[in-house]
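A closer look at the structure
For reference, the chains in residue letters:
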Amino acid sequence: MDWYMMNCELLATCSALGYLEGDVYHREPDCLESVKDLIRYLRHEDESRDVRQQLGAAQILQNDLLPILVQYPQEKVLFDAVVRLMVNLTQPALLCFGKVPADATSRHHFLQVLSYLQAYKEAFASEKVFVVLSEKLYNLLQLDWEQRQEEDTLLIERILLLVRNVLHVPPDPTEEQQGVDGDASVHDRVLWALHISGMDDLLKFLASAQVEQQWALHVLEIISLMFRDQSPEELAALGQGTAGAEHREDTQELETLRQRELAEKRTRARQRPSRHSRFGGSYVLQGIKSIGDRDVVFHKGLHNLKSYTHDLGKEPRRLPRRRQAAPEAEPSRRSARNVRLFLRHFCQDFLENCYNRLMLLVKDQLVREKAQQHDETYYLWATAFFMAFNRLHGFRPELVSETVGVRAFHFIEQNLTTYYEMALMDKKEATTWARRMHLALKAYQELLRTVQEMDRSPEQAVRDSSQVIKSNIFYLMEYRELFLTLFRKFDETKQPRSFLRDLVETAHLFLRMLERFCRSRANLVVQSKRVRRKKKKKPQVPEAPAPPSAAELEQLWEGLAPQVQACLEGEAPLPEDMVPFDAASETPVEEQRAEALLRIQECLRDSRVPQALRLLRSAREVWPEGDVFGSADVGPPEETQLLREILVAPLPRRAPAEPEEPEEEEEEDEEEEEQTLQVSEKEFNFLDYLKRFACAPVVRALVLLLRGYARNSARTNHCAARLLHRLARDLHMEPLLFQLSLFALFHRLLSDPAAAAHQELVTLAKFILGKFFALAATNKKAFVELLFWKSPAIVCEMTKGYSSLQEGEGTTRSRVPPWTPQEEQELRELYWKYKEVEGGDIIAAILAHLPTPGRTRRQVVKQLVRMGLASSAKDFPRERKGTRIVLWTQEQEEELTRLFEEFQGSDDVLGNIMKHLTARRSRARVVEKLLGLGLVAERKELYKKRRRKSHGPGPGQAATGVPAMPAQDSSGEDEDSEEEEEEDEDEAEEGRMEEHWVPQEGAGQDLAQRLHREGLAGPLRWLENCLRRAAGDREEDGVSHPAPLVPLTEENEDAMEDRRFRTLLRQLGLRPPASEQESFWRIPAALTPQQLRRAAASIAHRGPSGSPQDLSEPPRWPQDPAPAEPLPAGLGSDSESEEPVPVPVPVPSPVQPRTKRRRELASEDEDEDGGSSGTELAPPAPREEEEEEEEEEEDPQPRGRRKRIRCLEEEEEED
């Protein structure tokens, strides 16, 4: 950003700060006010952070703020304001923008702010700046807590935040690429300035001081940023043998590269011919076919023959972003030697004096939730880093005792599980959760290594402590299941390769420690948890107690009579707080009077006579009319008789309220699932535990890691090879590794010139290949099995025979018994026997008459699909309770017809029919039958007619019962809207009816013939082709989805608006739009291909002989896409299914040939869609018609096409 493009007010404020003359900065009188104004400007900057960018471009921090900080540290107010402004300017870019922006403009602003932060960090690489900050921090820490003011505490926090912000700035990639290992980077220079100024000693003081506990998390964050680019292995090895270890590692790496290069040179020299051939020559590669049927002709030298592949010259296929591997963290860069020495001494002092205390304080704040969100990541990093340094640099367990124990294992395992669950739920931030999960995994790995190192300690107390820790860890089930879960849910698109490397190394370490622990114990008992699901019945509603009999009431009155007499004579006091009426209650007065009678009766039956008498007298005052509670001048005898009558009166009592339940759940004794966790103990078997790793996800992850064996460390390759060896050799499951991708890796390894450096992998490859070829000699299907990942069951079948599991050898109890030929024949006969029975469940009938017991519904359905008797399992939907279709008898149909003719002119046709119908049926069933009989064309004709009182009936309403709709009267519109509201209320019930309704044989045949004669042959032909094409698609795919009927021509659209044509669609079992989200009729998924073909045959046009004249597969027009061709967006999907479904494309009627203009538009559509899939052209129109059509001026788009596009756009907007 140009300096002259700054805001005028901002420029004037910056000019009022002062000026730099040489090394001396002269501040202006308004310097303090200008600094405060800059803080105010930053507070009101916009989303692009314009003020921050302008100040960065003007280099205010480098040219003004830092000189003011260095030269005027004694002015407390100015120093405080400058530090406050610098903390704001140096805050991380992620905090400014919230996250890395996705759009280009915001990302540009983000990168611009990041570049200014990198310039700030370079300016802070000065000893003078850190000396001033260290002296100021030292003076503030010298103050006792009694003398320290609130401003002093804020300044300490701001100095720590400023150091944190400077260290947090990421390195510049261009600068890091130009430098080499060992050179001092900007981060190294900042660390060195921090060390020279003594700031590192102040940090150690803050970490260890008793009175400075509040800065624990700040200090830990700064320390983690100091060691951001460091490795504990390198720092620990730095002091052992000076530069000897580094020199040996570099020499070994260079020697490996040199051997690889020499081996490649020897291979190339061996392939090069002895003398140069003047002609390259051409060769025929027999057995390798080219594009045609001939062999490949090879035009290069024979030494290039091994590298031949059909993919030569092809562009590599672009991998979608969602399938790309997760990016790795930035490679660690070796810092300057003096910086590493200073950091190594810092680690030693920190471990000896600060580590245990600081980690205790931090964990306490994390547990008490006093820290900010995700601050536990610093704790996890510090655990992994400093415990690794302590283990590699003279292991002393007392220095890390705070983070060694069962509690530390539990804390890390709990965070690791939390990160894992959040990565599965929060898909957008899965990469961030994966990084946190990686930190927790490294901490868990270092804990295991520390416990392993404690086993080797010469002190017996340390070894005993490690045994106690291991016994607790191996006993609990959560720690044993952790690695299996991480392996099974590993996703290379979210988790980097480094996470998989640490996961494999940690799993190998855990298995080795567990194996040794089992060997040292004769019998190891571990905890086992199992979730048990049991069904519990809903609590029954308590029944009302039976009323007492007359004899019991008479006996009760005899006991109450003396008390009543005593109360009437005044011997017993009456309570004063009995009120029978509540004026604020919403209960009507009459109901409160009945409740008052009930309360009096309850008091008498509970032997509370004074309360009953007080209620009676109070109620008499409230309700004097009618003398219900006696007259005003009633005497004691009359009151006694009145109480006796109330006691024995059968007053109506309110039934107890029952819990509300949904309408669909009306089953009695409905049961719920209750999950209970059962904890038990069992004897542990290591091989049984190892068998759980014998699964495809674990093997796939190991193969993925070994693909980069050349880049992996020797330790990583050893762990991966050892895990594969355990699965293959220890479990005797060598076929588990018979996979083509692993064999391709073995081929690349064995042909690698530097394979000698990976001898363990070479040995494993030869072992697996030898086992494979030995098995292939007896099992010829082993080559095909290479294409698939395998499970232990498949391994057993490959080695023992493919019928071994079916015969019960090595199988579990859940294995389905095979179907014998006799059972298949019986199943086929039962299917054909009960298939034609309408209204019944075919599968239930088959199961009732199947000779072989123990078969389930799912097994029968799968076998029917396997035998080809059904296209998919959706042909046999489960019958929902309450929706069973009952057949109508002929007498019931005649009764329904008579009732409809009788009440056709009434206002509530359907309501009157339901009242007088003999057989009780639901409204949806009655509506369905009326539509099927053709008595009504639409449901609206059956809705109740509603009229406003202000409008009288129209001239035609009285006779027909249908509301008139005059053009200038709004009452018709109101009634239509009311009818539509009624239709919306019945949508759910009617939609369920239509989804499961099956058309009868020959349904719609008569109506279709009438429509043929009335000129709708074209739309009928289109409908027939749609039904046949949908039937063919369902047979090919084996899956049924609701297919929308999309009319693409104006003729078909007009037919879809015809009332009689829609009646035909209903008779065929097609479904109208279910809601406002749908615009087209649909072929329900419940209709099988056979039913669709029968429906298509019933509407086919029949000649004089009575045979259908349509072809079984009509010829496609040029604009018709093939059934398997992908359709444009919006045509092949609907609201009920996310997968593309086949859309029937209309075929133009042969009676009305397309015009030339329409044929040109169709060809343009084909070019846009990638070409036509049809091979037959439309029949040419006569010459005279073509000439006439050329003279006509037609719209560039047919009207029907415009309407279809508009409907599709409306659907997309609603979605």
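Residues numbered from 1 in each chain as written. Predicted model: local features only at pLDDT ≥ 70, side-chain atom pairs only at ≥ 80, totals over all residues. Heavy atoms only, no water.

What follows covers the overall build of the protein. Along its length, the protein carries 51 helices and 8 strands. The burial tally for the protein puts 42% of its 1215 residues in the buried class. By sequence separation, contacts in the protein at least 24 residues apart represent 73% of the contacts at least 6 residues apart. Accessible surface, the protein: about 68,600 Å² in total, of which carbon and sulfur atoms supply 50%. (Helix = DSSP H or I, 4+ residues; strand = E, 2+ residues; numbered from the N terminus. Buried < 20%, exposed > 50% of the residue type's maximum accessible area, 1.4 Å probe, protein only. Contact = heavy atoms within 4.5 Å. Areas by Shrake-Rupley, 256 points an atom, 1.4 Å probe, with all protein chains shown as cover.)

To continue, consider the packing of aromatic side chains. Overall, the coordinates contain 32 aromatic pairs when judged by the stated rule. With centroids separated by 5.9 Å and ring planes inclined at 85°, the aromatic side chains of tryptophan 381 and phenylalanine 386 adopt a geometry described as edge-to-face. There is no split in this pair, since tryptophan 381 and phenylalanine 386 are both buried. Between tyrosine 689 and phenylalanine 693 the ring centres are 5.5 Å apart and the planes differ by 80°, which places this aromatic pair in the edge-to-face class. Phenylalanine 693 gets classed as buried once you look at its relative accessible area, which sits at 3%. Pairwise contacts between aromatic rings join Phe227, Phe346, Phe350, Tyr355, Trp381, Phe385 and Phe386 into one cluster. Its end group placed over the ring of phenylalanine 79, lysine 136 keeps NZ or CZ at 4.9 Å from the ring centre. When the ring centre of tryptophan 789 is taken as origin, the NZ or CZ atom of arginine 700, which lies over that ring, is 5.0 Å away. (Phe/Tyr/Trp six-rings, centres within 6.5 Å; stacked < 30°, edge-to-face > 60°. Lys NZ or Arg CZ within 6 Å of the ring centre and 35° of its normal.)

Now for helix α40 (residues 923-932). For α40, a buried count of 8 out of 10 residues is recorded, marking the element as mostly surrounded by other parts of the structure. Where α40 is concerned, the buried positions are Ala924, Arg925, Val926, Val927, Glu928, Lys929, Leu930 and Leu931. Where α40 ends, the next residue or the one after it, glycine 934, has phi of about 80°, a positive value.

As a further point, take helix α47 (residues 1059-1067). Here α47 lies mainly inside the structure; 7 of its 9 residues are buried. Residues Phe1061, Arg1062, Thr1063, Leu1064, Leu1065, Arg1066 and Gln1067 constitute the buried set of α47. The N-cap of α47, judged by a side-chain oxygen 2.8 Å from the amide nitrogen of arginine 1060 a few residues on, is aspartate 1058. Glycine 1069, located one to two residues past α47, shows a positive phi value of around 95°. (Polar contact = N/O pair within 3.5 Å; in protein donor to acceptor, adjacent residues only side chain to side chain.)

Looking now at the environment of valine 339. Its location among the elements puts valine 339 in helix α16 (residues 337-353). Given a relative accessible area of 2%, valine 339 falls into the buried group.

As a further point, take the nonpolar core. Core analysis: the biggest nonpolar cluster contains 192 residues, and Met226, Phe227, Phe386, Tyr444, Phe487 and Phe693 have the highest contact counts within it. Of the residues forming this core, the biggest block, 12 residues, is contributed by helix α23 (residues 497-520). When residues no more than four places from it in sequence are discounted, the contact partners of phenylalanine 227 are Leu235, Leu343, Phe346, Cys347, Trp381 and Phe385. (Core = buried A, V, L, I, M, F, W, Y, C linked by side-chain atoms within 4.5 Å.)

Glancing now at unusual backbone geometry. With a phi close to 55°, arginine 49 is a non-glycine residue in the positive phi region. Here arginine 49 lies in the loop between α2 (31-43) and α3 (50-57). Given a relative accessible area of 17%, arginine 49 falls into the buried group. A positive phi angle, near 60°, is found at glutamate 369, a position not held by glycine. Relative to the helices and strands, glutamate 369 is located in the loop between α17 (355-367) and α18 (376-392). The exposed category is assigned to glutamate 369, whose relative accessible area is 68%.

Now for a positive patch on the surface. Positive charge collects at one region of the surface, where Arg858, Lys862, Arg866 and Arg878 lie side by side. Position of arginine 858 among the secondary structure elements: in helix α37 (residues 857-866). (Patch = residues over 30% accessible without salt bridge, like charges linked within 9 Å, V, L, I, M, F, W, Y side chains within 5 Å. Salt bridge = Lys/Arg side-chain N within 4 Å of Asp/Glu carboxyl O. Lys, Arg positive; Asp, Glu negative; His and termini not counted. Charge placed at Lys NZ, Arg CZ, Asp CG, Glu CD.)

This part covers the pairing of strand β3 (residues 283-289). For β3 and strand β4 (residues 295-298), the ladder comprises 4 bridges, and the chain directions are antiparallel. Residue pairing across strands places tyrosine 283 opposite phenylalanine 298, the latter belonging to β4. Taking the residues between adjacent antiparallel strands as the criterion, β3 and β4 are bridged by 5 residues. (Pairing = 2+ DSSP bridges.)

On to the packing of helix α1 (residues 8-15) against α2. It is the contact of α1 with α2, at a shortest axis distance of 9 Å, that shows an interaxial angle of 150°. Here α1 runs over α2; the crossing is left-handed. Residues Glu9, Leu10, Thr13 and Cys14 of α1 touch α2, and the partners they reach there are Ser34, Asp37, Leu38 and Tyr41. Here the contact of α1 with α2 is composed, by residue class, of 4 nonpolar, 2 polar and 2 charged. (Axes fitted to C-alpha atoms, helices over the stretch in contact; angles between N-to-C directions. Left-handed = near helix turned anticlockwise from the far one by under 90°. Nonpolar A, V, L, I, M, F, W, Y, C, P; charged D, E, K, R; others polar.)

To continue, consider the pattern of salt bridges. According to the stated counting rule, one finds 32 salt bridges in the structure shown. As a salt-bridge pair, arginine 27 and glutamate 75 come within 2.6 Å of each other at their nearest N and O atoms. Here the residue arginine 27 occupies a position in strand β2 (residues 24-27), and glutamate 75 occupies one in the loop between α4 (60-71) and α5 (76-89), the gap between them amounting to 48 residues. Among the residues examined, arginine 27 registers a relative accessible area of 32% and is labelled partly exposed. With a shortest N-O distance of 3.2 Å, glutamate 398 and arginine 396 are connected by a salt bridge.

Our next topic: a nonpolar patch on the surface. Nonpolar side chains collect at one region of the surface, where Leu740, Val784, Leu787 and Phe788 lie side by side and expose about 390 Å² of accessible area between them. Note that leucine 740 resides in helix α31 (residues 740-750). Note on leucine 740: relative accessible area 44%, which makes it partly exposed.

For the rest of this paragraph, the subject is the confidence of the model for the protein. Within the protein, residue pLDDT values average 77, and 76% of them lie at 70 or more. Here helix α41 (residues 957-960) stands out as the least confident element of the protein, with mean pLDDT 36; helix α29 (residues 696-706) is the most confident, with 95. Of the regions scoring below 50 in pLDDT, residues 656-672 engages in 19 contacts with residues more than four places distant in sequence or in other chains. Note on residues 881-885: pLDDT is under 50 here. Beyond four places in sequence and across chains, it has 8 contacts. (pLDDT = per-residue confidence, 0-100.)

Where helix α38 (residues 890-902) contacts α40, the axes come no closer than 11 Å and their chain directions differ by 85°. One element, α38, and the other, α40, form an angle in the roughly perpendicular class. Together, Glu893, Leu896 and Phe900 of α38 and Val926, Lys929 and Leu930 of α40 make up the contact between the two elements. Residue composition of the contact of α38 with α40, by class: 4 nonpolar, no polar and 2 charged. (Parallel < 35°, antiparallel > 145°, perpendicular 65-115°, else oblique.)

We now examine the side chain of arginine 436. Inspection of the secondary structure puts arginine 436 in helix α20 (residues 430-455). Buried charge without a salt bridge: arginine 436, with glutamate 376 as the nearest opposite-charge side chain at an N-O distance of 6.0 Å. When residues no more than four places from it in sequence are discounted, the contact partners of arginine 436 are His374, Thr377 and Tyr419.

Residue position: serine 471 is located in helix α21 (residues 460-475). Taking the C-alpha atoms as reference points, serine 471 and phenylalanine 517, separated by 46 residues in sequence, lie 8.4 Å from one another. Setting aside residues up to four positions removed in sequence, serine 471 forms contacts with Phe517 and Arg521. A polar atom in the side chain of serine 471 sits 2.7 Å from the backbone oxygen of valine 468.

Bridge analysis of strand β1 (residues 18-21) against β2 gives 4 bridges, and the strand direction is antiparallel. The residue of β2 that forms the bridge with glutamate 21 is valine 24. Taken together, β1 and the strand that follows it, β2, pair antiparallel across an intervening segment of 2 residues, in which glycine 22 is found at a positive phi of about 70°.

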